[in-house]
Amino acid sequence: MAVEWHTRPPPDKQTDKRVARGRPAGVGTITYGLAAARLFDNGYLPIPIRTGTKVPALTRWSTVPIDIGAVDTWSTKFSDCGIGLRTGDLVGLDIDLLDADLAHEVAHKAEQTLGVTLVRVGLWPKRLLLYRTDAPFAKMQVPGIEVLGSGQQFVAFGVHPDTGRTYSWPTGDTPLDIALTDLPSVTCDQLRTFLGEASAALPSRSSTPSRSRGSPPQPNQPVRVDGLVIDGRDAWLSTIAFHAVHDALDVGLAPDAEAVSLQVWDRFVGSTDLSRARKGSQRPYRQGDARKKVNDKLRLLRSGLLPPRSTDTPEPVNTPVGRSVAAARGELDAFLANACDRIEAWHSGEEAEPAPQIGLRATVGLGKSSAARRHLLALRERLRAAGLPHRIAVFTPSHALAEECAAEWRQTGVTVAVLRGYEMRHPTRGEPMCRDVEAVRLALTAGLDVSNTVCRDKLNRACQFHDTCLKQENRREVAAADVVIAPYDALFTGFSSEPGTFALLLIDEGCWARAMTENRELKVETLAEQSISGRKGGSSKLAAAASAADLLDLRHTLMKALMATGPGAVRKGDLVAGGLTVEHCRRAAGLEYARRRDPGLYPGMSREERPVATAIAAQNQMATRLGGLFNIFGDILEGNDNRGQVRILPPDPKTGLHDLLITGMHVIHPNLRSKPVLHLDATLRPEIARRVLPTLDVEKIDASTPHMSLRLVTGRFGKSALIEDSRATGEDNARRRRHLAEVVDYVRWHALRVAPGRTLVITYQSAEAAFAGIPNVETAHFNAIAGLDAWCDVAQIILVGRPLPASEDINHLVGGFFGKEVAGGYGFSRRAVHMRDGSSRPVRVIAHGDPAGELLRSAICDDELIQAIGRGRGVNRTAQTPLEVQVLADVALPLVHAVVTSWDLAAPDLMQKMLLAGVAVDSPGDAAALHPALFGSEKQAQKAFERAGFKRHSSYKDPIREMSLKLASYRRPGRGRSWQRAWWLPGLIGEDEARALIERTLGGLAEWRRLGSVAD
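The sections below set out a description of the structure shown in this document.

Cut-off values and rules
Residues numbered from 1 in each chain as written. Predicted model: local features only at pLDDT ≥ 70, side-chain atom pairs only at ≥ 80, totals over all residues. Heavy atoms only, no water. Helix = DSSP H or I, 4+ residues; strand = E, 2+ residues; numbered from the N terminus. Contact = heavy atoms within 4.5 Å. Areas by Shrake-Rupley, 256 points an atom, 1.4 Å probe, with all protein chains shown as cover. Lys, Arg positive; Asp, Glu negative; His and termini not counted. Charge placed at Lys NZ, Arg CZ, Asp CG, Glu CD. Phe/Tyr/Trp six-rings, centres within 6.5 Å; stacked < 30°, edge-to-face > 60°. Buried < 20%, exposed > 50% of the residue type's maximum accessible area, 1.4 Å probe, protein only. Lys NZ or Arg CZ within 6 Å of the ring centre and 35° of its normal. Polar contact = N/O pair within 3.5 Å; in protein donor to acceptor, adjacent residues only side chain to side chain. Core = buried A, V, L, I, M, F, W, Y, C linked by side-chain atoms within 4.5 Å. Pairing = 2+ DSSP bridges. Axes fitted to C-alpha atoms, helices over the stretch in contact; angles between N-to-C directions. Arc of directions from axis to C-beta. Salt bridge = Lys/Arg side-chain N within 4 Å of Asp/Glu carboxyl O.

**A closer look at the overall build of the chain**
Piece 1. Broken down by element type, the chain carries 30 helices and 34 strands.
Piece 2. Expressed as lengths along the three principal axes of its C-alpha atoms, the size of the chain is roughly 115 × 80 × 60 Å.
Piece 3. Counting only contacts in the chain whose residues sit at least 6 apart along the sequence, the fraction spanning at least 24 positions is 74%.
Piece 4. When the accessible surface of the chain is totalled, it reaches about 44,300 Å², and 50% of it is carbon and sulfur.
Piece 5. Of the side-chain charges in the chain, 128 are positive and 117 negative, and the distance between the mean point of each set is 3 Å.

Structure representation (structure tokens):
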């Protein structure tokens, strides 16, 4: 029974000359002898295909001239063959995806973007869409999608070799009905853009490969062997029915149950192994099973419960604000004025406690730091005039940034001091700040104040270096300064300066990560073995032996409870099951703390006296850790949400012991805690910042960046894809080296493209050296670029990779930061990014399955990339000083994008690799001789040329190179030598050097002709 299908209406912008012919979906009787001439008349180039295969019956089919004479001859000679259509002016978009939802989505997006067109189906859900072009081009492909270009072909009519069934045209029309000129017209650039955007949203292995029996299936996918579904067949039949009903709806028809059932059965038979009976039944699948599935879908349709086919792009998480830079700076000025008024009112007693904590998230480069200085200096003068505290403490991510920040504050005329740590060296003198760091470390281990136990005490005992100590000099500078600049750590440790003189704390950029604490010093199996005496041979501070016995008994109880728990987060139920109570934990903590005693440290203590003090300090440190652990467990037993703060790690491979991982948070030092706070951060996340600053009010000011162009290139750019690892196999490390070399070539190409402008590459510290030495390229690594201004005038920033903590590390951070146990880990998620034209594009990214885990992943990964991009100061660029940014990572940043593509398309191709190696030629033999690192032999070069669609003597067009080339033809001496072509990059070598390179390898040339330039 023939199935009547009709074409859907064309988009408004597209002219449609097609006529619905009522042709059946499957066309099984069309042969070359019957239809080739008609196809030729319609503008196609038909070639005969061997029956039941995809193989042309002709030799040299890709280049043989096709005219009406040839078609008539072949119609007689190959009359019973199937029909293939050679591509060139005709373009085939081959969607080679076995995931039905993905295949439909890609086809739907193609029709939205490129136009509604003819569709051919062989093994459903794979499909091929037909287009035409006025400028033929070579093939392009990404995993799961291929564009068939010049010199290729696809089967239009015949029998599919895998299904044994005829190819079908589901919309009803075929190339017999629709002329080539009536197909939607496309360009190479359009298809490249479409492929890039489509592949960025697809799984990395889009097309389900054939696999051996017993290997795990893809998630939510049926199990296939040799392309046929062998398991999950009933669900697969339901999927086919679901899409068939929607196919009918999409073309504007009320689905006919019988007609749709026939199509569903046909697709099911062609894609499924039916050699076994149905699961749980002795009978085979029948056409009635397809009819039942279709009726189920139609019943849902009539009741309004049939789910839609999801083809919508998810909404981006954040919507960029189109605020101009001038408007944003006006808002910034008003915000800072208001913040200063609030701080002044609080100091004047007009605002009640607590002190205001004011936060601002503002676009990088907007000038928030300089504007804050201006407003805070005016506030300082008002407070000083009123006799109120007026000094300013500024906190920065590092000592290096503290020095840079201090230089900027000094330009305003105030006295500035940088707080320098004991283990630092003086920035100009190069000498150590402290010359007895060992004593400082000992005091810190004992939990004592360094100033009184190492430097000078109340008895006037002093360190032998005290009078000439640079640290003491620094303290005096800090005490006298109007503005003190310090690294974030000082927020939590405090510093020796009169706290009452400070008016506010200015925190520049995010400080939350520095608040995290982590300890792995305790082991489950040795908790009870820790000494409970003071020092060897001495007595402890425990009042009686009974207290010591109690403590030992409580340690044993805890150890047994933890040993019974096993690896993972320690929960309340684990402790209860082990017999622990809140009272037990509080008593044990008190007993542990009671073990601490004065190690007797004093300024000027000789090195000979220190061993005893060192032993006591170590005991104090252990007692503090154990007391803290018992208190944490007491909190858990009291019902506080501290799950995840203590985790038992897997056993050490060497010792078999289980480390205890204890995570937590520092709090702001008591001397600073009551001060007003102004927190400025380009990536401030209130949910995270409030864990450090609980009452923080946050305002957001974004500015548009019309002269910054952002290109997202998705792909595998993690450390495991680029960086060699001693634990990896030799083959895996070789793959990583090749991939990194490709990325280096990519950077070389784009650095040449923007030269003489500078390019900044920001990547992993372990990969940074690979990009060193590239002309006009400077390098930096993640987590070492916040606040730096040295690259505000670069032409281009390329980010390679992203700082992604291990999933277990994120889980530990969530436990310490939010006091909760994490559910889930990393996985792939579908997100969207904003485009310059106001639309959005879906991309596939790595995300954490737990909301708190994803929040921290975003703060660590995405925010670091935003900070890196901000080094180029995109908000300050003009039409004369544009900034290009390329992000090579699987991320969805809340920024406006110009291009979204994938590494499969962006990676350097054959032509680019030859050009970067010096010169490209169109002769495989010459290419093999010139570039032995690329081609092992002429045969390998020939195959590489064929895969790349690079034809001899053809003019080369590379739509992504974005650079002009120089071109010449040359001929080697000897009879029968033909002319070859050579290309080179003028920014890399000159014409004389290109010719010399060829002649050094191939010998002297008979002739050389300069042909000019090839430009995009």
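**Notes on the packing of aromatic side chains**
Piece 1. As enumerated under the stated definition, the model contains twelve aromatic pairs in all.
Piece 2. Ring geometry for F495 against F502: centres 5.8 Å apart, planes inclined by 90°, an arrangement best described as edge-to-face. Taken individually, F495 and F502 each receive the classification buried, so the pair is uniform in this respect.
Piece 3. With centroids separated by 5.6 Å and ring planes inclined at 75°, the aromatic side chains of W512 and F817 adopt a geometry described as edge-to-face. Within this pair, whereas W512 is found in the loop between β15 (502-508) and β16 (516-519), its partner F817 is found in helix α23 (residues 807-818), the two being separated by 305 residues in sequence.
Piece 4. Residue class for F817 comes out buried when judged on its relative accessible area of 0%.
Piece 5. An aromatic cluster is present here, built from W265, F268 and Y285 joined pairwise through their rings.
Piece 6. Sitting above the plane of the Y422 ring, K471 keeps its charged end 5.0 Å from the centroid.
Piece 7. Taking the ring centre of F828 as reference, the NZ or CZ of R844 above it sits at 3.4 Å.

**Some details on the environment of E344**
Piece 1. Tracing the backbone shows E344 in helix α8 (residues 325-347).
Piece 2. Residue classification places E344 among the partly exposed residues on the basis of a relative accessible area of 21%.
Piece 3. The sequence separation of E344 and S496 amounts to 152 residues, and the corresponding C-alpha distance is 25 Å.
Piece 4. One polar contact links E344 to R382, side chain to side chain, over a distance of 2.8 Å.

**Quick notes on the nonpolar core**
As a rule of thumb, soluble globular proteins bury nonpolar side chains together.
Piece 1. Among the nonpolar cores identified, the biggest contains 53 residues, and F771, V887, L888 and W903 are the most heavily contacted of them.
Piece 2. At six residues, the largest contribution of residues to this core is made by helix α22 (residues 730-754).
Piece 3. With sequence-adjacent residues up to four places away left out, L888 is seen in contact with V713, F717, V743, Y746, I798, L799, V800, G801 and W903.
Piece 4. L93, L129, V142 and L298 belong to the second-largest nonpolar core, a separate cluster that totals 46 residues.

**Quick notes on the sheet that holds strand β11 (residues 357-362)**
Piece 1. Read across the open sheet, the seven strands follow the order β13-β14-β12-β15-β20-β11-β21; overall the sheet is parallel. Each of the sheet's edge strands pairs with one partner strand only, and the pair in question is β13 (416-418) and β21 (697-701). Shown here is a sheet whose adjacent strand axes are inclined to one another by a mean of 20°, direction ignored.
Piece 2. Relative to strand β20 (residues 677-680), β15 is paired through four bridges, and the arrangement is parallel. Looking at β20, one finds that L506 is bridged to L678.
Piece 3. Docked against the sheet, helix α9 (residues 368-385) engages β11, β12 (391-396), β15 and β20, running at close to 175° with respect to β15.

**Concerning helix α1 (residues 32-41)**
Piece 1. Those residues of α1 that sit buried are Y32, A35, A36 and L39. Considered in projection along α1, the buried side chains sweep an arc of 120° and stay on one side of the axis. Residues of α1 that are exposed and point more than 90 degrees away from the buried face comprise L34 and D41.
Piece 2. Directly after α1, the chain includes G43, whose backbone phi takes a positive value near 100°.

**Some details on the pattern of salt bridges**
Piece 1. Applying the stated criterion across every chain yields a total of 65 salt bridges.
Piece 2. Linking D289 and R283 is a salt bridge whose minimum nitrogen-to-oxygen distance equals 2.7 Å.
Piece 3. Among the residues examined, D289 registers a relative accessible area of 9% and is labelled buried.
Piece 4. Judged by its relative accessible area of 26%, R283 falls in the partly exposed class.
Piece 5. A salt bridge links R753 to E962, with the nearest nitrogen and oxygen atoms 3.7 Å apart. Here E962 lies in the loop between α29 (938-948) and β32 (965-971) and R753 lies in helix α22, a separation of 209 residues in the sequence.
Piece 6. The partly exposed category is assigned to E962, whose relative accessible area is 34%.
Piece 7. One salt-bridge network, in which partners are shared between bridges, spans D234, R278, R283, D289 and K293.

**So, the sheet that holds strand β29 (residues 896-897)**
Piece 1. Taken together, the three strands give an open sheet; going across it, the order is β27-β26-β29, and neighbouring strands pair in mixed fashion. Looking along the sheet, the strands with just one partner apiece sit at the ends: β27 (840-848) and β29.
Piece 2. Packing against the sheet, helix α4 (residues 188-201) makes contact with β26 (826-835) and β27, and its axis sits at approximately 30° to β27.

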